[in-house]
Amino acid sequence: MLAPLFLMLAALSGLSAVMLGAFAAHGLKSRLSESALSAFETGVQYQMYHALALLGVLALMRWLGPTLSLQVAGWAFVAGIVLFSGSLYGLALGGPRWLGPVTPLGGLLFMVGWAALVVVAARAFKG
């Protein structure tokens, strides 16, 4: 079942977002340019938002069951965190330039996840 996996991934994502945020505030502030630090912090924010969104998916799975739309939302949020936030961390820390086009793909996956939740909501109102 996906619920325990999504719970573990949400917890690890939330934990690592807090750790990376602290690392940025205390370890990177004097080492990165303002724009690189801002990019890193954006990655942390979106990682945390979507860790919480993944917890919301879990709550909906408990209420509605593990529908396909909820599974799509959960996996899209997980992949979005990896691609969007991960690419921003890499770029901020001087990673390869090919990470630049990865960031919008992660953002697109976040949108897919939210769109899947719109489908869940529409179906919940119908029935």
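Details of the structure are given in the entry above.
Residues numbered from 1 in each chain as written. Predicted model: local features only at pLDDT ≥ 70, side-chain atom pairs only at ≥ 80, totals over all residues. Heavy atoms only, no water.

Caption draft 1: Layout of the overall build of the protein. Secondary structure assignment for the protein yields 4 helices and 0 strands. Helices and strands in the protein line up, N terminus first, as α-α-α-α. When its C-alpha atoms are laid out on the principal axes, the protein stretches across 55 × 25 × 20 Å. The buried share of the protein, taken over its 127 residues, is 39%. Residue pairs in contact within the protein that sit at least 24 positions apart in sequence constitute 74% of those at least 6 positions apart. Within the structure as shown, the protein displays about 7300 Å² of accessible surface, and the carbon and sulfur contribution to it stands at 72%. (Helix = DSSP H or I, 4+ residues; strand = E, 2+ residues; numbered from the N terminus. Buried < 20%, exposed > 50% of the residue type's maximum accessible area, 1.4 Å probe, protein only. Contact = heavy atoms within 4.5 Å. Areas by Shrake-Rupley, 256 points an atom, 1.4 Å probe, with all protein chains shown as cover.)

Caption draft 2: Layout of the packing of aromatic side chains. Taken as a whole and assessed by the stated rule, the structure comprises 8 aromatic pairs. Through a chain of ring-to-ring contacts, three or more aromatic side chains come together here, namely Tyr-46, Tyr-49, Phe-84 and Phe-110. (Phe/Tyr/Trp six-rings, centres within 6.5 Å; stacked < 30°, edge-to-face > 60°.)

Caption draft 3: Representation of the nonpolar core. Formed by 18 residues in total, the largest nonpolar core has its most connected members in Phe-6, Val-57, Leu-70, Ala-73, Phe-77 and Leu-117. Of all the secondary structure elements, the ones that give two or more residues to this core are helix 1 (2–28), helix 2 (34–64), helix 3 (68–92) and helix 4 (102–126). Sort the elements by how many residues they give to this core and helix 3 lands first, with 7 residues. Discounting residues that sit within four places of it in the chain, Val-57 has contacts with Phe-6, Leu-70, Ala-73, Gly-74, Phe-77 and Leu-117. One finds Ala-36, Leu-37, Phe-40 and Tyr-89 within the second-largest nonpolar core, a separate group that totals 10 residues. (Core = buried A, V, L, I, M, F, W, Y, C linked by side-chain atoms within 4.5 Å.)

Caption draft 4: Representation of a nonpolar patch on the surface within the structure. A cluster of nonpolar side chains, namely Leu-68, Val-72, Val-82, Leu-83, Leu-105, Leu-108, Met-111 and Val-112, defines an oily patch on the protein surface of about 720 Å² accessible area. Listing elements by their share of the nonpolar patch, those giving two or more residues are helix 3 and helix 4. Structurally, the position occupied by Leu-83 is in helix 3. (Patch = residues over 30% accessible without salt bridge, like charges linked within 9 Å, V, L, I, M, F, W, Y side chains within 5 Å. Salt bridge = Lys/Arg side-chain N within 4 Å of Asp/Glu carboxyl O.)

Caption draft 5: The arrangement of helix 3 in detail. An ideal rise of 1.5 Å per residue puts 36 Å on 25 residues; helix 3 measures up with 35 Å between its terminal C-alpha atoms. Residue Gly-80 marks the point of greatest curvature in helix 3, where the axis turns by about 25°. Directly beyond the C-terminal end of helix 3, a positive phi value near 90° is found at Gly-94. (Expected span 1.5 Å × (residues − 1). Bend = angle between axes of the 7 residues up to and from the residue.)

Caption draft 6: Quick peek at the packing of helix 2 against helix 3. Two numbers describe how helix 2 lies on helix 3: the axes approach to 9 Å, and their chain directions differ by 170°. Relative to helix 3, helix 2 is oriented roughly antiparallel. With respect to the hand of their crossing, helix 2 and helix 3 are arranged in left-handed fashion. Considering only residue class, the contact of helix 2 with helix 3 consists of 21 nonpolar, 7 polar and no charged. (Axes fitted to C-alpha atoms, helices over the stretch in contact; angles between N-to-C directions. Parallel < 35°, antiparallel > 145°, perpendicular 65-115°, else oblique. Left-handed = near helix turned anticlockwise from the far one by under 90°. Nonpolar A, V, L, I, M, F, W, Y, C, P; charged D, E, K, R; others polar.)

Caption draft 7: Representation of helix 4 within the structure. For helix 4, with 25 residues, the first-to-last C-alpha span of 37 Å sits near the 36 Å given by 1.5 Å per residue. Turning to helix 4, the residues buried within the fold contact helix 2 and helix 3.

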